[in-house]
Each structure stands twice: as C-alpha cells, then as structure tokens.
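Residue-level structure breakdown
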Amino acid sequence: MSNFVALLFSGLTLGAIYTLVSLGIVILYKATGIVNAAQFGLVGLGAYLAFWASTDLGLPLVAAYLLSIAVMALVGVGLERLAYAPLRSRPVDSVFLSTLAGGFAFVGLIVLWYDAEPRSLASPFGLETVEILGAPVPKHSLFVIVVCAIAVAALSWAFNRTRMGRQVRALAFDRDAARLQGIPVNRLSIITFALASAMAGLAGTLLGPVAALTPEMGLSPMLFAFGAAIIGGFGRFGGVVAGAVLLGLVEQFGGGYISTNWREVFPFAAMLLIIAFRPEGLFGGEARARL
Amino acid sequence: MADRFANRKRALKAGVGALLSAIVCAACGNGGGTGTAAEGDGANRPLVLGSVFALTGPQSQAPYVNGVRFAVEEINAAGGVNGQKIELKEYDDALNAQKSASAAQLAVSEGVDVVIGGPTAIQTNAAAPIYQRAGVVHLNMASSTAVAKDESFGGDRTFRVVTPMPEQIHAAAEYLIKEVKVKKVGLLGLNTDFGQNALPLYAEKFQAAGVEVIDSKLYPQDAKDLTNELLAMRGADAIVDWGFPNQFALATKTAYQNGMGDIPHLGPSAVGIVNTLGLVPVENRDSLIGMSSCDPAADTRPHVQEWAKRFQARFDAVADASAASGYDAVQLAKAAVEAAGSLDRAKIAEALTTLTLSQNTMCASTYKSDDRHELMHEAVVISYAKGEPKELARYTAAELAGTGRKQG
C-alpha cells in the first residue's frame, strides 16, 4: 500500500508540472491560434531565474520563486514582440518555427549565463516528508500539487468570469468575427504570452528542486505537455489537466508495476491509444492544433 | 551573341583553371596524405592538441576542459614542448553522437596531433574510428568505453587514461564486501552503455561473494523522478548507483525521502561532482561514497594539494577527478612527444606504449601502459560525509591491473 501511495503522489507531482506547461501552451493557442514551441526554453529559464534570485541575490526561496515568475511574464511580452508580432500575418508553421528558435535561444542564453553544469534549486521544504497512509510523501510534492491546483483554479476563473477571458474564448471560437467585434487582439496576444511564459516559469521553479537544473530541463516536460494537451482535447482546461495527470500516473504506475525500463514509453503509448480511438481527445475539443 | 558566348566560355575556362591551380598548390603545400598535418616529423611546428568534450548538452564536461587548459597554460609558461608552445584547439561535442563525429572530423581536418576526449561511450563510439583512420593519437577519458587495444574502438593510436571500469567495479565491490560487509545490495544504473555494462559486472561480483542483489534497475538520462527505482531498493544494506551527477543527486534525495538516507550510496566519480556542485544538501551527504580513479580534494600528496589550490584560483572551481585526469592527459602527451623526439604520430603512440610517467601527475601516481593501451590502474574510495572528501580506501595497480577481464 505504501508503494502505491508513493507512486500516486509522484505521479500527481509530475502531472502537476505537465499541467502547468501544458496550460501555457493552451492559453496561447486559444488567444493566438499558434502553438508555442518555446515553452521548453521558458521552463529552464524560469528555474535558472529562481536559482539566480536565491543564490546571487540572496532572496528567500519563496520570494525568489515569485520574482522568477514576474520576470518570466516580462520575458513572455518580449517573446511576443520579437518572435510572434512580426510574423502575425504569416503562416502558422512559420510562427511555430520562430517560437521553436526562441526556445533554443533561451537554452543558449542559459548556457552563456551559467554554463551547462548542473545546478540545484532548493525547495522551501528541503527534503522533508509527511507520512500519508504509511508512505513518506515529500512536502515539496504536496506544494507542487497545491500550487498547480491554485493556478488552474485562478486561470479557470479568469477565463470564465472576466472580460479578458470571454474575449479570449471568443477569439478561440471565431477569430475573424472577434476582430470585427472590436476585440483587442494585439493586447490579448501580449497578455496571454505573458501568462503562458509565467506558467512555464512556475513549472520550472517547481521542477527545479525535484530534478537538477540543466539548460534543456524543459524539453521532456514540454513533450509530455503537448501529449496532455492533445489527449485532453486541445483547448479545454479540464481536459488538459486530466490529460497531464493521466500521463504522470501512467508513467509512475507503469514503471512501478510493469517495468521501470519502459517507464517513459507508457505515457506515449497511452497517448497513441487514446488518439487512435478518440482523435478529438478524451474531452472533445479540436482534434489537432494547426501546425 | 556569338561573341558574348565565346567570352563566357573563355571566362569559365579561366576560372576552372585558376581553381584547379589553387587545389594543386594547396595539396603541394600540405605534403599530401589525408590533406591534414601528415604523419611526418613536424620538427619545426608546435604540438597541436585537441580537446573534445561537451560544454553544452545534457551534461557539461567543463572540468575536463579546464584541466586540459590548465595543463597547457602551465606547460607553455614553462617553455612548452621541445621549445614550442602547445597549440590547443577546443571542440564542443554536446555529448551527442552526431556532433561528436563532426567535432572529430573538424579536429582531424585542423591538423590535431593528439586528441583528448570521449568521457562517455556516446562520444567515443562516434569519434574514435575517425581518429584511428586519420592516425591521430587518442587519449580517451572514459572508464567504460571499448577502447582497449583489442576492443572495437581500440587501435594502435588509442590509449585509455583513466582506470578501466571493470577494475573500478572490482575495487568498489571489494570495499562494500570486505569493509562495509554488506549482505544485501541494490543496483541502479544509467540506461546507457555506462550503466548497462556496469550492473552485470557488479551483480557477478556480489553473487560470487554470497551477497544478495535485491534488484537491479536502469533509469533514463533525463529522469525527473526515481521513486520507482528507489522503492525497489528497500531492504538493501547498500545501494550502488552507476550514473551521472544529476541522476545520482536525484537518487540520493529520493533515497533520503524514502527512509534510505543512512545506507551507503556508492557511485562513480560523478559523486565528487555532486559534492563540489552542491547538488545534494550538505546534511544529506553522509551516505555518499564515490569510487574514482582519484579525487584531488581528498588527495594527501602535497603537490596535488598545491595544484588544487592553483586550479581553484585560476578557475574559481574545485578541482575534481575530471580536471585532474584532463591535466594528466596533457602531461602524458608532452612526455610522449619528448620521448619520441618528434611530432610523428606513430612515434608518439609508440612512446606512449613504453613510457612511465610519475612526475607532476595529479590523478594517478604512475601512468604506464599495459598491453591493452590502458595507462592507469589505480582507484580510491572517497566518503563525502558533510561535504568533506575523505579517502576511505586506496587500491593500487598491483591489486587492480587485469581484474575484471574475462579469462580465456
């Protein structure tokens, strides 16, 4: 039983990280219609910003995390201005490639800044654990899950209850009609890029204490995040959360009860199976992003 | 119209002729051969040393690079090799097979005489054949690669600078069996050649000594969670973890969180990097044990301690086993060139098979090639409790040379 509980919480933790990265991708897609491939670079940059703030600036860890998220929001604005705005009227695949280049640029920036040697970002909870049903669960894991839940709730509220959220949903439904209605597309684009970047930064700061900081640390979570977005039904928050959590749990339980050697294959195998039977994803929505 | 055509034809002929002349002149200047620095004496030119490591990619190998640079700087400051300063060329292969091959091709085309590189099988397997075909002397930094003279990536120009992995494993297993007196052990390893080759060797050693192997798990290089793997180690008296620094640190933290923080957690030289980079909190390093060719931080030899201080001052970084090995590799190249009396690569290789180097070495006390072109056969077991490296056991060449080799 304790093994099951330990794997459950480690799967939920991974799922929470994938959720945060995936929501950033989905938010942007809803507002702009493009898939942001720079997320992996933003995840790494967010983690390194938190590391810099906690070590070089000497800030307390939570303050360092918050500073990282705030800076990442500004980075998102910069990304929108430089990698997206000039290509707004171009084909989506050009924009996709531009954001992918942006992601690698961020990785290169990290290497120039800190070199490629691994670093360690501390957690406010250190390595402390709490016992749940006989299993030692890291307090940092619970922190990640709770923060993710708050972020999802806040985003859901923002997109369902605020004018900005309604405008984004209108854009996602019919971009041309939304423009004709006077929705400020450019301003929404900047806001959502900032939000998506902040989400990636948050994912990076939460992932940092779990795995060592390396410039390319966001690549693997981004792959899982795309998977979560696709199997959850691209564009649906609830679906994305369900997809991400599913992938995290499949990875951990598959590794724990079938084979650790194939641990990273199980989530993608699950993804392929789901798409084969439900191309629109588990919860409907668009069958694919326009790439 | 006909005149314009004729003019274009003449211009084209002239251009082709000029191009061909340039090619012939370049070939004449090079002295033929492969188009790179030929296998000639090269008496009036400096030794061209190539340093091929990962500076970007999943794992940085900067300590090796800095060790090589430091040696070149100190040798050049003292007058160089045979009166000529070493020309150092550095290449980043990003720990990637394609880039390793490209870096090797570039090094060969730029006339490198001796290359130092290849700490992993990914890098070595891609680059070693290129160096061998080009006749470049290759000083390989990996314990687990098949570069011994009679192995797939070995040859008459390839030499291993660090203690071969089977010998390190023999020493580590001896330590756990005889000193720690384990009865049950868990095995973890990176799911690459490094871990895949090590774990069966460990299992064989332990089982031969009557030690139970509870489980043996391989994990991916980009693992973000090792809960599965550590849960499988429950009940072990010690965990052997043959991976890279990032994953070793993750495994250590996970072991601690799952109530296994007090049992010895033994790994390769990566443990030294975990310690110097602080990848695990100091209070959680009491169980960390590293098996390595050497560790300057725990070395009591006065000249090594002095060197480590100079290295720290130069690079603002702690000198670890990688830096010491990189430094010694350059010393080996220098000694071989001086013994050969020329930059002829065949003579340099021949010199490496016969020389003994004991002076000014920071890792091994003595380098001497065996019949498989393996230059070092020493190992140390280091404790990193409280972040303070301390030597627990030392194994000499007399004890290790030839151990782990399959008989017959």
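Being a predicted model, the structure only gives us computed values, none of them experimental.

Take the overall build of chain B next. In terms of regular secondary structure, chain B is built from 13 helices and 14 strands. Here the analysis covers contacts within chain B between residues at least 6 apart in sequence; of these, 68% occur between residues at least 24 apart.

For the rest of this paragraph, the subject is the confidence of the model for chain A. Averaged over all residues, the pLDDT of chain A is 87; the fraction at 70 or higher stands at 97%. Predicted confidence for residues 286–291 of chain A stays below pLDDT 50, and this span has 13 contacts to residues more than four positions away or in other chains.

Residue and element names in this part refer to chain B. Along the chain, aspartate 222 turns up in the loop between strand E7 (212–219) and helix H7 (227–231). In this structure aspartate 222 comes out as partly exposed when scored by C-beta crowding, with 16 C-beta atoms within 10 Å. For aspartate 222 and glutamine 196, which are 26 residues apart along the polypeptide, the C-alpha to C-alpha distance reads 16 Å.

Further remarks concern the UniProt feature "transmembrane region" (unreviewed entry) in chain A. All names here are of chain A. Under the local residue numbering, the UniProt record ascribes the feature "transmembrane region" (unreviewed entry) to residues 6–29, 34–53, 59–83, 95–114, 140–159, 188–211 and 223–250. Helix makes up 92% of residues 59–83 and strand 0%, with an end-to-end C-alpha separation of 31 Å. Within the segment residues 188–211, helix and strand shares are 83% and 0% respectively, and the terminal C-alpha atoms sit 34 Å apart.

Moving on: the sheet that holds strand E14 (residues 390–395) of chain B. Residues and elements named next belong to chain B. Pairing within the open sheet is mixed, and its seven strands lie in the order E7-E6-E8-E9-E10-E13-E14. A single partner strand is all that each edge strand has here, and the edge strands are E7 and E14. Shown here is a sheet whose adjacent strand axes are inclined to one another by a mean of 20°, direction ignored. Pairing of strand E9 (residues 265–267) with strand E10 (residues 288–292), which is carried by three bridges, proceeds in the parallel orientation. Pairing of histidine 265 across the sheet is with leucine 288, part of E10. Contacting strand E6 (184–190), strand E8 (238–242), E9, E10, strand E13 (379–383) and E14, helix H5 (residues 165–180) runs over the sheet at an angle of about 50° to E13. Contacts from helix H6 (residues 193–208) reach E6, E7 and E8, with the element oriented near 165° to E6.

Once that is clear, we can look at the domain arrangement of chain B. Accessible area lost during the coming together of the parts is what is often quoted as the interface size. All names here are of chain B. Here chain B is partitioned into domain 1 (48–163 + 300–376) and domain 2 (166–292 + 382–400). A straight line from the C-alpha centre of domain 1 to that of domain 2 covers 27 Å. Each partner contributes to the interface: domain 1 provides 13 residues, whereas domain 2 provides 17 residues. Elements with a contribution of two residues or more to the side of domain 1 that touches domain 2: helix H4 (121–134) and helix H11 (321–340). Classifying every residue of the side of domain 1 that touches domain 2 by side-chain character gives five nonpolar, seven polar and one charged.

All right, on to the packing of helix H3 (residues 61–84) of chain A against helix H4 (residues 92–114) of chain A then. Residues and elements named next belong to chain A. At a minimum axis distance of 10 Å, the contact between H3 and H4 shows a crossing angle of 130°. The angle between H3 and H4 falls in the class oblique. Judged by the sense of rotation from one axis to the other, the crossing of H3 with H4 is right-handed. Contacts from Leu79, Ala83 and Tyr84 in H3 reach Val95, Ser98, Thr99 and Gly102 in H4. Split into classes, the residues belonging to the contact of H3 with H4 amount to four nonpolar, three polar and no charged.

The next point concerns H6(B). All names here are of chain B. The end-to-end C-alpha distance of H6, which contains 16 residues, comes to 23 Å, matching closely the 22 Å that a straight helix rising 1.5 Å per residue would cover. Within H6, the full set of buried residues consists of Phe194, Gly195, Ala198, Leu199, Tyr202, Lys205 and Phe206. Projection of H6 onto a plane perpendicular to its axis shows the buried side chains occupying an angular sector of 135°, all on one side. Residues Gln207 and Ala208 are exposed on H6 and point more than 90 degrees away from its buried face. Buried-residue contacts for H6 involve H4, H5, E6, E7 and E8.

Let us now look at the pairing of strand E1 (residues 129–132) of chain A. Sheet topology note: the E1(A)/strand E2 (residues 135–138) of chain A ladder contains four bridges and is antiparallel. Bridge pairing in E2(A) links A:Val130 to A:Val137.

What follows concerns the sheet that holds strand E3 (residues 114–117) of chain B. All names here are of chain B. Pairing is parallel in the open sheet, where five strands are placed in the order E2-E1-E3-E4-E5. Strand pairing shows two members of the sheet lacking a second neighbour, strand E2 (87–92) and strand E5 (158–160), which therefore form its edges. Ignoring which end each strand starts from, the neighbouring axes of this sheet average 20° apart. Docked against the sheet, helix H2 (residues 62–77) engages strand E1 (48–53), E2 and E3, running at close to 165° with respect to E1.

With that settled, consider the pairing of E10(B). Residues and elements named next belong to chain B. Burial of E10 is extensive: five of the five residues sit out of reach of the surface. Residue alternation in E10 divides its side chains into two sets, Leu288, Gly290 and Ser292 and Ile289 and Met291, and both sets are buried. Note that the unit made of E9, helix H9 (residues 270–276) and E10 has a crossover that is right-handed. Here E10 runs beside E13; their pairing, made up of four bridges, is antiparallel. Considered in E13, the bridge of glycine 290 is made with isoleucine 382.

One can find B:Gly272 in helix H9. Once the C-alpha coordinates of B:Gly272 and B:Val211 are considered, the two residues, 61 residues apart in sequence, prove to be 27 Å apart.

This part covers the interface of chain A and chain B. Taken together, the contact pairs 30 residues of chain A with 32 residues of chain B. When its residues are assigned to classes, the side of chain A that touches chain B shows 13 nonpolar, twelve polar and five charged.

Residue and element names in this part refer to chain B. The first and last C-alpha atoms of H2 sit 22 Å apart over 16 residues, in line with the 22 Å expected at 1.5 Å per residue. Buried within H2 we find Pro63, Tyr64, Val65, Asn66, Gly67, Val68, Arg69, Phe70, Ala71, Val72 and Ile75. Looking at the buried positions of H2, the neighbouring elements they touch are E1, E2, E3, helix H10 (302–315) and H11. Backbone geometry just downstream of H2 places glycine 79 in the positive-phi region, at approximately 115°.

What counts, and at which threshold
Residues numbered from 1 in each chain as written. Chains lettered and ligands numbered in written order. Predicted model: local features only at pLDDT ≥ 70, side-chain atom pairs only at ≥ 80, totals over all residues. Helix = DSSP H or I, 4+ residues; strand = E, 2+ residues; numbered from the N terminus. Contact = placed C-beta atoms within 7 Å. pLDDT = per-residue confidence, 0-100. Buried ≥ 20, exposed ≤ 12 C-beta atoms within 10 Å, placed from the backbone. UniProt positions renumbered as here; feature names shortened; annotations may be inferred. Pairing = 2+ DSSP bridges. Axes fitted to C-alpha atoms, helices over the stretch in contact; angles between N-to-C directions. Domains from an automatic or database assignment. Nonpolar A, V, L, I, M, F, W, Y, C, P; charged D, E, K, R; others polar. Parallel < 35°, antiparallel > 145°, perpendicular 65-115°, else oblique. Left-handed = near helix turned anticlockwise from the far one by under 90°. Expected span 1.5 Å × (residues − 1). Arc of directions from axis to C-beta. Right-handed = clockwise from strand over helix to strand, strands pointing away.

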